[in-house]
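# A look at the structure
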Amino acid sequence: MTKVGGQKDHPVPRAIFPNKVLPYLLLAPQLAITAIFFYWPASQALYQSMLREDPFGLSTQFVGLANFRHVLADPNYLHSFQVTIIFAVATAVFAMVPALYLAVMADKVVRGRGIYRTLLIWPYAVAPAIAGMLWLFLFNPSIGTIAVMLRSLGISWDPLLNGPQAMILVVAAAAWKQISYNFLFFVAGLQAIPKSLVEAASIDGAGETKRFWTIIFPLLAPTSFFLLVINTVYAFFDTFGIIHAVTGGGPGKATETLVYKVYNDGFVNLILGESAAQSVILMVIVIALTAVQFRYVERRVHYG
Amino acid sequence: MIDNRPSRRIIAHTVLLIGVFIIAFPIYYTFVASTHSLQTILRPPLPLIPGGHFLENYTTALFGGIGRIGGVGVDRLLWNSTIVAVLIAVGKIFISILSAYAVVFFRFPLRMTFFWLIFITLMLPVEVRILPTYKVMVDFGLIDTYAGLTLPLMASATATLLFRQFFMTIPGELVEAARVDGAGPWRFFKDILLPLSKTNIAALFVIQFIYGWTQYLWPLLVTNRNDMGTIVIALRKMISFADADTEWHLVMVTCILAILPPILVVVLMQRWFVRGLVETEK
Amino acid sequence: MKSRGISTGLAAAVTLLMSSTSSFAVTEISWWHAMTGANNEVVETLSKEFNESQSDYKVVPVFKGTYPETLNAGIAAFRAKQAPDIIQVFDVGTGVMMAAEGAVKPVAEVLSEGGATFDKSQYLPGIVAYYSKPDGTMLSFPYNSSSPILYYNKDIFQKAGLDVDNPPKTWPEVWEAAKKIKTSGAAPCGYTSTWLTWIHLENFAAWNNLPYGTNENGLAGLDVNLEINAPLYVKHFQEIADLAKEGVFRYGGRTSEAKQIFLAGECGILTESSGGLGDIVKSGMNYGIGQLPYEPEAEGAPQNTIPGGASLWVFGGKSDEKYKGIAAFFNFLSSPEIQARLHQVSGYLPVTLKAYEETKASGFYEKNPGRETPITQMMGKAPTENSRGVRLVNLPQVRDIENEEFEKMLAGQQTAQQALDSAVSRGNAAIKQAIGQ
C-alpha cells in the first residue's frame, strides 16, 4: 500500500474528541482491576525475585541480585533460550498460517460456512486434561494410533528419546491449540473487509492470488498484527501446561522452554526466588520483543 | 458473490474439510472413546471408529455415573461454569472496549503510558503469581465468591489490544462526520462504534467464554467449597493419572457433555458474523 | 491505603457470613486433598461416615487438584494465613513439609494432645518410618501408600515358554525372561517400567540395602551427597541401557505412562506401583504379580521397599478444639475396620498391623493373590539406615535431573556411568543450593 510510508507516529484517526476527564473515566475500570490483580502481585513477584526463602516463607533472606546472577550463569538456562526461540517462532508460524488459509477458504464458501466455523472453533473447548490423554493415545511411540501409522510407513518415531521429534510434537500441540483462536479472529477480520473493494478489484481483472495479496492481506494487517503479538506472548507464556503434559521438558532438556522452567522450578519444585527471577527476565524479554514489534512491524500495518 | 466457479468452491471445501479433519480430530477421538467400553480404552491402541457402548456409557454418566463429582449436582457445576464464563467474557469486553475507545479516540496526557500499562498484563500467567494473588484474594474476602472467580481473569489486555487494532481501521472521516452532525462521544460510541464492532465482539465473546469455561487452576485455588466448583474441576476429579483407576469411558462422556455449552455459544454467535461496514447488508 | 479499609470491611462481612452458617457449635475441619477417580469417592465417603459417627466435628474435604497443585494451594493459603487444617502431600513433598517446622504440627503430637495415645508399634514399620523423624516421632499420617511390584502378562509368558506361575525374582532373571519374550516373538518388547527414579533408584537403594545418599539418605540431616553412582547402580543401569538398545526394554516416560504399554500387550513385564493394580484388573488382562526384583550381588538383598503415595499433614496454629477433632478423625481413619476396608477396596496399603492381620485372617489374600506382596515387601525386615526412605528438600528437582540423564543414556548419547556421575554432580549442586549453601 502506498499510504503507509507517509505516517510518522502510530497511525490514528485524526479526528479526536476533545475531552479532558472522560478518557480517564473510560480507562478507570480496567486500570483498577489491572492494578489490584496484576501490578500488586507482580510487584510482589519482583520483590520475591530478590529473596531466598523456603516455600512457606518461614525463613526469608534478602539476596539482592544473586538469584539473577545464578540463573544467568547457568548453562542450562542459556540452552533453554535457544529452545524457546525455536519453539516460539515455529509455534507462531504454524498457528497463524494455516488459520489464515482456513479463514480465507471459509470466507469463500457459502453453503456450510457456519458448520465449518463451528467445527473449527470448538476443539478449543476440549479440557486440557483430556487433550493430554489424547496426545498419549495418539503419539506415544508404543501405543499411539498415529505413532503406529508412522511406524508402518517406515518412520521411526520416538519423541520420548528423540529431541527434535519431541520438539515437533510440542510445537504441533501448541499450534493446534491456538489455530482455532487465530481462525476466529481472521474470520472476524475478513468480515470487516468491504466486499465492494474486493469486487472492484475483481472487475479490474485481478486474479485470486493477486487480490489476496494486494487487497485482502493489507486490510487484514491490523488483525494479523494483533494475532502476531498475541501468538508470540502465547508461545512464551501460556504453553507450559502443554509441555508439561506432552514431554515434561524432555528428553533430556530438549523441550525445556523458559516458561516451562519458570513453571517447573517455581510451581513444581518450589524454588521460589529463582523462579521469580526467571519470570522477571522473561517479562523483560517479551516486553522488549513486543516493543520492537510495535516499533517496526506495526509501521507496515495499514490502518484506515 | 465474487467467485461462482465450482472449481474454486470445490477447492475451498476440500481445504476446509482437511482442516476440520485435522483440527477437530481430537474431539472426534474423544467422542470415539466415549462410545467404547473401559476395557477397550484401557487396552490401546484405541480404534478409530465409534464402538457399541454409546447408550450404555451416556446413560451411566447421566443417571448416576457422575456421582464421582462429590456431593454436588451436575446442574450446579454447569451453572457455576456458565456464570463464570459469561461474567469473564462480558466483563472483559466491557472494560476493554471502553479503554480501547479512550486510547484511540481521545488525546490526553500519559495516553500511551496507560496503554502499555494495560498491555503488559498479557505477560504474567496465574501460575507464576499464585502466592501474591492469592493473598490479595484473601485480603479482599473474595475466596468462594463469583467475584473472586472472575475479576482477576478480566485483568488481561487481549481484548483491549483487539479493539484498539479494530478502532484504528475506522476512517477518520467517519469520526469527523459524526462530529459535524453534533454527535458527542457517547452517541458516536453507541451508534457507530458498537454496531461496527459486532463481529469482533462476537469473536471475543466466543473466545473468552471458552477461556472462562476451561479455566482450571484459578477456580481450584479460590474455591474451598464443592458447591462453588466448575465442571472442569469436576472433570479433573474424575481423572486419575497414577494412583487409582479411572473410569475413562465416563470421563470421555463428561468431556463431550462439557463441550456442549461452548458449542451452543459458537452457534448462537454465528448470527453476528454477518458482513457490515460500508457494504449494505447481505 | 484505601483498599485496606475496604478489605477489612469486606473481611468483617465475610466473617459474619461464615459465623452465621457455622453457629451450631460444630467444629469444621477442612481437609485439602488430591484424590481423583475412585479415590475421590473414598474420601467423600470416609468424611461422611466420620461426620455421622459423632456430632462435635465436621470434616469438609476439598479437592485441590494434582499433588503439586494441592501443595501450592496449601502454601499460598498458609502465607495468606488461611491454611486448611489437614492437607494431603505426596511422598516427594515430605522433605519440604519436614523442613517447614513451625508451619506444621507433628501428627504424633496432635494425637497425644487429642487424648489418643500414639503407639508406634501398632503401625506398619516401613510406612511409618518414611513419615517420621529419625527419633521415631510420626510427623504425618500415612493415608495412601503403595509400593512398587512386578506385574507380568501370563498369556505372553505362556507364549514365550516361561513359567507362568513363577515370575522372575532378581534383575538378571528379569533380563533373561525379557529377552526370551522378545526373541520368541511372544511380544514386541520384554520389559518396561514406570517411574524410573522411584523404582530403579530410590527403591533399588532400599530394597538392595544400598545408600542413596549420605546422612542416612537425608533423614539425619539436610546436607546430602548423592551416592547413586556406586558400582551396583552403574551395573544395573548399564544393563537397562543395553536392553534398550536391543529393544528388549522400552522406555515409556517419566511417570506412569509405561503402564499403558503393558496394558496394550506390547511388553510382557512391568514394574509399577501397587496402586496401578486397578487399571490392570479392569482391563481384563490375564496378569500375575510378583515382588519387586532385587540385585543378587547386593549384600542383604532383598531388604525392604519404601512407600510412595501421600500422607496427611496438620497445619500449626489452630485451636485446641480443632486438634481434638483432627485427632478423633485420625483415630477413626486408623481403626482396624476402616483400614481393612480401605486396603481391600482401594488397594492402599494398610497403615496398622491390626488391619493387616484382620485382612489376612479374613482370607482376603487367598482370594486375591498378589495383594499381600506390597506389604510383605515392606515388612520383611526392620528398616536399615539405607531403607527408611529418601528425604531431600528438593526431591522433585533431583528426580528431574535423574530423568534427564537417563533419557540421554537411553538415547545412546552416554553410558550409565556418565549418566549417573552427571546426575550425582548436578544433583549435589542443586541440593546445596536448595539448603542455602
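Chains are numbered independently. Their residues run from 1 in the order of the written sequence. Chains and ligands are labelled sequentially in the order written, the chains with letters from A and the ligands with numbers from 1. Predicted model: local features are reported for residues with pLDDT of at least 70 only, side-chain atom pairs are reported and counted for 80 or more only, and whole-chain, interface and lining totals are derived from all residues.

## Details of the interface of chain B and chain C
Interfaces are frequently sized by the accessible area removed from exposure as the parts join. C-beta atoms are first placed from the backbone for all residues, and any pair lying within 7 Å is then listed as a contact. Taken together, the 34 residues of chain B in the interface contact 41 residues of chain C. Under the scheme used here, helices are H or I runs from DSSP no shorter than 4 residues and strands are E runs no shorter than 2 residues, and both carry numbers assigned from the N terminus. Counting only elements with at least two residues in the side of chain B that touches chain C, the list comes to α3 (38-42), α7 (130-139), α13 (217-222) and α14 (231-238) of chain B. If one sorts the elements of the side of chain B that touches chain C by residue count, α7(B) sits on top with 6 residues. Classes in brief: Ala, Val, Leu, Ile, Met, Phe, Trp, Tyr, Cys and Pro nonpolar; Asp, Glu, Lys and Arg charged; the others, Gly included, polar. Taken together, the residues that form the side of chain B that touches chain C break down as 17 nonpolar, 8 polar and 9 charged.

## Quick notes on the domain arrangement of chain B
Residue and element names in this part refer to chain B. Where a domain begins and ends is set by an automatic assignment or by a domain database. As assigned here, chain B comprises domain 1 (1-69 + 239-264) and domain 2 (79-236). If you average the C-alpha positions of domain 1 and of domain 2, the two centres end up 31 Å apart. A per-class count over the side of domain 1 that touches domain 2 returns 7 nonpolar, 1 polar and no charged.

## Quick notes on the sheet that holds strand β6 (residues 148-153) of chain C
Sheets are built from strands that pair by backbone hydrogen bonding, the pairs being arranged parallel or antiparallel. Residue and element names in this part refer to chain C. Read from one edge of the open sheet, 5 strands run β8-β7-β9-β6-β10, paired in mixed fashion. A single partner strand is all that each edge strand has here, and the edge strands are β8 (249-251) and β10 (287-290). Direction aside, the axes of adjacent strands within the sheet are offset by 25° on average. The pairing of strand β7 (residues 189-193) with β8 spans 3 bridges and is parallel. Its bridge partner lying in β8, Thr-192 is registered against Arg-250. Angles run from 0 to 180 degrees between N-to-C directions of axes, and those axes are lines fitted to C-alpha atoms, restricted for helices to the stretch in contact. Sitting on the sheet, helix α8 (residues 171-183) is in contact with β7, β8 and β9 (267-273), with an inclination near 135° to β7. For two strands to pair, DSSP has to find at least two bridges joining them.

## Here's the deal with unusual backbone geometry
With an omega dihedral of -5°, the bond running from Gly250(A) to Pro251(A) counts as a cis peptide bond. The amide bond that connects Ala301(C) to the next residue, Pro302(C), takes the cis arrangement and shows omega of -5°. Note that Pro302(C) resides in the loop between β10 and β11 (308-315). Backbone geometry places Asp144(B), a non-glycine residue, at a positive phi of 65°.

## Some thoughts on the interface of chain A and chain B
Taken together, the contacts link 91 residues of chain A with 91 residues of chain B. Looking at the side of chain A that touches chain B, the element that brings in the most residues is helix α1 (residues 22-48) of chain A, giving 17 residues. Looking at the side of chain A that touches chain B residue by residue, the class counts come to 69 nonpolar, 15 polar and 7 charged.

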